[in-house]
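If you want the building blocks of each chain, they are given just below.
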Amino acid sequence: MMDNNPEECSVCFNNYDDTLLRPRTLPCGHTFCSKCIDNAIKNGQLNCPSCRAQHSATAATQFPISYGMEAFIRKLKGMEVVPVKTVPTKPNKAPTRGISKKLRSLVEEQKSSISSLITSCEEVLSQLGEYRGQLGDWQTQHLQLQDRLYALVEQNKSAMKLLELEDTSVVDMTTQGEEGKTQLQAMLGSLDTVNTAQEVDTTIHTADECSMKVEDWVQKCQELFPDVNTVHTSVKVQETIREALEMTTTETGATADPVHLGDSDSSIMTKVQEITGEIPQKEITVEDLRRMSEPVKSLVEAGRVVAVKRLVEAGRVVAVQEDQDGRRSARITLQDGQLYLHPLLRQPTPAHAHTLQESDVVGVLDPSCTLAFLDLGWAGSTRGRVTIRLTPDTPLARQFVLLCTGQRGHTFRNTKLLWVGRKGHSGEWVKGGKYESNDGEGGAPLLPDLQGQYRESGRAGAVGSWFWPFPEAPRSAEFVIITRVFRAGQQWPCVFGDVVSGLDVVRAAVNHSDITEVTVVDCGVVLPL
């Protein structure tokens, strides 16, 4: 049903305004005033008054302001008919005969110019209204944050008060303990000087009383200290405030040297989005990922870099591949300042995710020097990451990348390590790569021709192909990682990589009681920045 009064909230029928009744749009697309949205929220849940769609929410401020609706209302107000006095209609006067065609043309040009300028003025006024609405929203958010900061300050004061009380108790108990210690020392001196049976009896009785007091003091200290509530509150409040301060330091540091936007024909709100780093969906590029490690040159770049980093950390940037069998997606994660591309899997794409073509992401890899990784785990947990440098560009290295990224459908993910050779001796190695099954079978090559120029190595950390039965004919996807150096003169053929970090993880896996319980829980490649 068509809404004949779009300037009104369809729940309370009041006109929208720029304070309590600001229009806000729900994820389902329907718009209501802020007050009605707040009133409709029950137990963290909001049912849309129009379509009954359910949305998780605690306050109306979680939903975006409908700036388009506000601009439309302003335009409606500008179009209101203003009553004028009725005047007798007079026939239009003919143009003054004294004005030449050239002057009349100049007049028309001036009228056209003024009309165009009026249109531009109205557009900018609309943008200013939108911008003002955004500023008001930010002010509200700052007030909310300020309230939360005040709450943190109050928590900090309460924690400090608890510490002061605990410190006072410790001081009192310390004083009692020192007095008891002094009395015990005096008793030792008295016992050294007793001469009669009566003195012995009196001194021992006094010493027993003193000892009982000190024993009671010791027991009381053990019961009173530490106060669990005081210690727990202090630690938790410190952690919360420290995390908040570290986040603030990080964010302000990213834009420490603001630069003017410069000339731009973009609208005011477009510039605001550039500064804040708000990125419309499907607009993240591989170049944005690269900029995360480069020095920012302007305020705009700084805002965008911070926004991209947040999206990656939130798991909202994924690489996708579509083919005749459907769509697969791969996670892109950030850890210790390094980007990782995980294998393509048939899994739901995260809501509001920014997608990149997987071929574009993999295209940034240097084929002559690629870093791949295997995450090993056993006993129900991931034990560590093994990073392998694949070099030079050989068929076996390319095949290893394909099985780490899942570009051909198969992946090392969830495969087991199945065999340890020469365990505990020089030349020890472990074999994996049975991607087709986890029972010791499977592992057929993905590439038709794996022949190439390969080196030999007997070093710990060397990664080679399982060459059985003929070293000169590598023909599988199975791999071997050497964990102990070979004896002099002995080498492993068909080596196509080396472990650069995580060899200790492989050795721990080899020493596990059952190697078949060790699993490649995840894999992928390192994206160069």
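For the structure, check the block above.
Structural notes, computed from the coordinates. Computed from a predicted model, the values in this text were never measured in an experiment. Every residue gets a number counted from 1 within its own chain, in the order that chain's sequence is written. Selection of residues for local features in this predicted model requires a pLDDT of at least 70, selection of side-chain atom pairs for listing and counting requires 80 or more, and totals for whole chains, interfaces and linings are taken over all residues. In computing side-chain properties, one takes all heavy atoms of the structure into account and sets aside hydrogens as well as water.

## A word on the overall build of the protein
Stage number 1. Helix numbering and strand numbering both begin at the N terminus, where a helix is a DSSP run of H or I of at least 4 residues and a strand a DSSP run of E of at least 2. Scanning the protein for helices and strands turns up eleven helices and 18 strands.
Stage number 2. Burial classes follow relative accessibility: with a 1.4 Å probe on protein chains only, a residue under 20% of its type's maximum area counts as buried, one over 50% as exposed, and anything between as partly exposed. When the 529 residues of the protein are sorted by exposure, 34% land in the buried category.
Stage number 3. Whether two residues are in contact is decided by their heavy atoms: any pair within 4.5 Å suffices. Pairs at least 24 apart in sequence give 63% of the contacts found in the protein among residues at least 6 apart.
Stage number 4. For the area figures, the Shrake-Rupley method with a 1.4 Å probe applies, and any residue is considered shielded solely by the protein chains shown. For the protein, the computed accessible surface area is about 32,800 Å², with 53% contributed by carbon and sulfur atoms.

## Quick notes on the environment of Val430
Stage number 1. Inspection of the secondary structure puts Val430 in strand 13 (residues 429-432).
Stage number 2. C-alpha separation for the pair Val430 and Leu418, spaced twelve residues apart in sequence, amounts to 7.7 Å.
Stage number 3. Look past the residues within four positions of Val430 in its chain and what remains in contact with it is Leu417, Trp419, Val420, Phe479, Val480, Ile481, Val506, Val510 and Ile515.

## Observations regarding the sheet that holds strand 5 (residues 54-56)
Stage number 1. With antiparallel pairing, the three strands of this open sheet are ordered in space as 3-4-5. Each edge of the open sheet is held by one strand with a lone partner, namely strand 3 (41-42) and strand 5. DSSP-based pairing: two strands are paired if at least 2 bridges between them are found.

## Topic: helix 10 (residues 395-405)
Stage number 1. Most of helix 10 is tucked away: ten of the eleven residues are buried.
Stage number 2. Looking one or two residues past helix 10, Gly406 carries a phi angle of roughly 75°, positive in sign.

## Some words on the nonpolar core
Stage number 1. For this analysis, a nonpolar core means a set of buried residues of the types Ala, Val, Leu, Ile, Met, Phe, Trp, Tyr and Cys, connected via side-chain atoms within 4.5 Å. Grouped together as the largest cluster of nonpolar side chains are 60 residues, with contacts concentrated most on Ile332, Leu341, Leu374, Leu376, Phe400 and Phe412.
Stage number 2. Among the elements that take part in this core, helix 10 stands out by supplying seven residues, more than any other.
Stage number 3. When residues no more than four places from it in sequence are discounted, the contact partners of Phe400 are Ala372, Leu374, Ile388, Leu390, Phe412, Phe479 and Phe496.
Stage number 4. Among the nonpolar cores identified, the runner-up in size contains 15 residues, and Cys9, Cys33, Ala57 and Ile73 belong to it.

## Some details on the packing of helix 3 (residues 101-193) against helix 4 (residues 197-224)
Stage number 1. Closest axis-to-axis distance for the helix 3/helix 4 pair is 9 Å, and the angle between their directions is 155°. As summarised for this structure, helix 3 and helix 4 are arranged roughly antiparallel, according to the angle between their axes. In this structure, the crossing between helix 3 and helix 4 has a hand that is left-handed. Between helix 3, through Met173, Gln176, Gly177, Gly180, Gln183, Leu184, Met187, Ser190, Leu191 and Thr193, and helix 4, the contact on the second element is made entirely by Glu199, Thr203, Ile204, Thr206, Ala207, Cys210, Ser211, Val214, Trp217, Lys220, Cys221 and Leu224.
Stage number 2. Think of it as three bins: nonpolar holds Ala, Val, Leu, Ile, Met, Phe, Trp, Tyr, Cys and Pro, charged holds Asp, Glu, Lys and Arg, and polar takes everything else, Gly as well. Here the residues of the contact of helix 3 with helix 4 sort into eleven nonpolar, nine polar and two charged. Working convention: axes come from line fits to C-alpha atoms, limited for helices to the stretch in contact. Angles between N-to-C directions cover 0 to 180 degrees. Each angle receives one of four descriptions, namely roughly parallel if under 35 degrees, roughly antiparallel if over 145, roughly perpendicular if within 65 to 115, and oblique otherwise. Less than a right angle of anticlockwise turn of the near helix away from the far helix marks a crossing as left-handed, whereas a clockwise turn marks it as right-handed.

## Quick word on the side chain of Thr483
Stage number 1. With respect to the secondary-structure elements, Thr483 resides in the loop between strand 16 (479-482) and strand 17 (492-501).
Stage number 2. Under the rule applied, a polar contact is a pair of N or O atoms within 3.5 Å (in protein, one hydrogen donor and one hydrogen acceptor; residues adjacent in sequence only if both atoms are side-chain atoms). Side chain to side chain, Thr483 and Glu428 meet in a polar contact 2.6 Å long.
Stage number 3. Once you skip the residues sitting within four places of it in the chain, Thr483 turns out to touch Glu428, Trp429, Ala460, Val506, Arg507 and Val510.

## As for the pairing of strand 9 (residues 354-357)
Stage number 1. On strand 9, burial follows the alternation: His354 and Leu356 on one face are buried, whereas Thr355 and Gln357 on the facing-out side are not.
Stage number 2. Two strands pair when backbone bridges link them, and strand 6 (residues 317-323) and strand 9 are joined in this way by four bridges, in the parallel orientation. Its bridge partner lying in strand 9, Ala319 is registered against Leu356.

## Focus on the pattern of salt bridges
Stage number 1. When a carboxyl oxygen of Asp or Glu lies within 4 Å of a side-chain nitrogen of Lys or Arg, that pair is called a salt bridge. Summed over the entire model, instances satisfying the criterion amount to 16 salt bridges.
Stage number 2. Taking the shortest distance from any N to any O, the salt bridge between Asp375 and Arg385 comes out at 2.7 Å. A residue pair is termed long-range when its members are at least 10 positions apart, and Asp375 in strand 10 (residues 370-378) and Arg385 in strand 11 (residues 381-390) qualify at ten residues. There is no split in this pair, since Asp375 and Arg385 are both buried.
Stage number 3. Notably, a salt bridge pairs Glu478 with Lys431, separated by 3.1 Å at the nearest N-O pair. One end of the pair, Glu478, is in the loop between strand 15 (462-465) and strand 16; the other, Lys431, is in strand 13, with 47 residues separating them in the sequence. Neither residue differs from the other here; Glu478 and Lys431 are each classed as buried.
Stage number 4. Salt bridges sharing partners connect three or more residues here, namely Lys431, Lys434 and Glu478.

## So, the state of the cysteines
What is meant by a disulfide is a covalent connection between two cysteines, made through their sulfur atoms.
Stage number 1. Note on terminology: pairs of cysteine sulfur atoms within 2.5 Å are recorded as disulfides. In this structure the tally under the stated criterion is zero disulfides.
Stage number 2. Cys33 provides the cysteine sulfur closest to Cys36, a residue in no disulfide bond, and the two sulfurs are 3.4 Å apart.
Stage number 3. By relative accessible area, Cys36 is classed as buried at 13%.

## Describing the side chain of Thr519
Stage number 1. With respect to the helices and strands, the residue Thr519 is situated in strand 18 (residues 519-527).
Stage number 2. When neighbours within four sequence positions are excluded, Thr519 is seen to be in contact with Asp375, Leu376, Gly377, Asn414, Thr415 and Lys416.

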